[in-house]
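# Observations on the model geometry
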Amino acid sequence: MKKTPLLTIAAATLLFGCQNRSEQTIGALKIADSSVQTAIPAPAADTVHNSQNSIDWDGSYKGILPCTGCTGIETELILKKDMTYTRLTTYLGRPNAMVGELSGKFTWNKENSIIHLEGVEDGPNQFKVGENTLIQLDIKGEEVKGADADKYILRK
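Before going into details, it helps to say that this report is about the structure given with it. Here the structure is a predicted model, which means the values were calculated and not measured.

Counting 16 residues, the largest nonpolar core has Trp 57, Leu 77, Leu 79, Phe 106, Ile 115, Leu 117 and Leu 134 as the members making the most contacts within it. Breaking this core down by element, the ones donating at least two residues are β3 (59–65), β4 (72–79), β6 (99–108), β7 (114–117) and β8 (126–130).

Shown next as structure tokens:
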């Protein structure tokens, strides 16, 4: 029997056995060193894309938001490209359903992912902007968690 095919297979195994090992050359033979690990850098954070410049956010969003003292607040929030809004509300489940309309300007937070409705002083005034959705944040500007979280979403 010839030793050449066996030697070729052994050399190929050493050469291609592990992609993450460093190699040292001794004469014409490469030897893998498994004690050296190659670090893979983490992907860089995306600082270019955000809700303001990546999402078609202008338009009309509707839903029924939770209400203390009524069965819900039917809400339509219209966002315009000129950074103004109109909010239409109807308090459901009251004998004389209270209807309201408020217009004003809105601003984006520094990450351009949350809008703040100027002129809303008596309740939550911030919304997280998503693809075809606005999520009403609580009075502290945080997302509502738990079983009722989906009740705070307005949809396009």
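Continuing now.
Now for the pairing of strand β9 (residues 133–136). Taking every second residue as pointing to the same face, both faces of β9 are buried, with Thr 133 and Ile 135 on one and Leu 134 and Gln 136 on the other. Where β8 meets β9, 4 bridges bridge the pair, whose relative direction is antiparallel. If you follow Val 129 over to β9, its bridge partner there is Leu 134. Where β8 folds back onto β9 in an antiparallel hairpin, the turn is made up of 2 residues, including Asn 132, whose phi is positive at roughly 60°. Alignment of β9 against strand β10 (residues 153–155), held across 3 bridges, turns out to be antiparallel. Residue pairing across strands places Leu 134 opposite Leu 154, the latter belonging to β10.

On to the pattern of salt bridges. Evaluated as defined, the whole model comprises 4 salt bridges. For Asp 58, the salt bridge identified is with Lys 81, shortest N-O distance 3.8 Å. Separated by 23 residues along the polypeptide, Asp 58 in the loop between α2 (51–54) and β3 and Lys 81 in the loop between β4 and β5 (84–92) bring together distant segments of the chain. Judged by its relative accessible area of 21%, Asp 58 is partly exposed. On the basis of relative accessibility, which here comes to 54%, the residue Lys 81 falls in the exposed class.

Time to look at the state of the cysteines. One way to say it: the disulfide is the covalent bond shared by the sulfur atoms of two cysteines. Overall, the coordinates contain 1 disulfide when judged by the stated rule. Put simply, Cys 67 and Cys 70 are joined by a disulfide, and their sulfur atoms are 2.1 Å apart. Since a negative S-S torsion denotes a left-handed disulfide, the Cys 67-Cys 70 link at about 130° is right-handed. Here Cys 70 falls in the buried class, since its relative accessible area comes to 15%.

Calculation rules
- Residues numbered from 1 in each chain as written.
- Predicted model: local features only at pLDDT ≥ 70, side-chain atom pairs only at ≥ 80, totals over all residues.
- Heavy atoms only, no water.
- Core = buried A, V, L, I, M, F, W, Y, C linked by side-chain atoms within 4.5 Å.
- Buried < 20%, exposed > 50% of the residue type's maximum accessible area, 1.4 Å probe, protein only.
- Helix = DSSP H or I, 4+ residues; strand = E, 2+ residues; numbered from the N terminus.
- Pairing = 2+ DSSP bridges.
- Salt bridge = Lys/Arg side-chain N within 4 Å of Asp/Glu carboxyl O.
- Disulfide = S-S within 2.5 Å.

Keep in mind that these numbers describe shape and distance, not what the molecule does.
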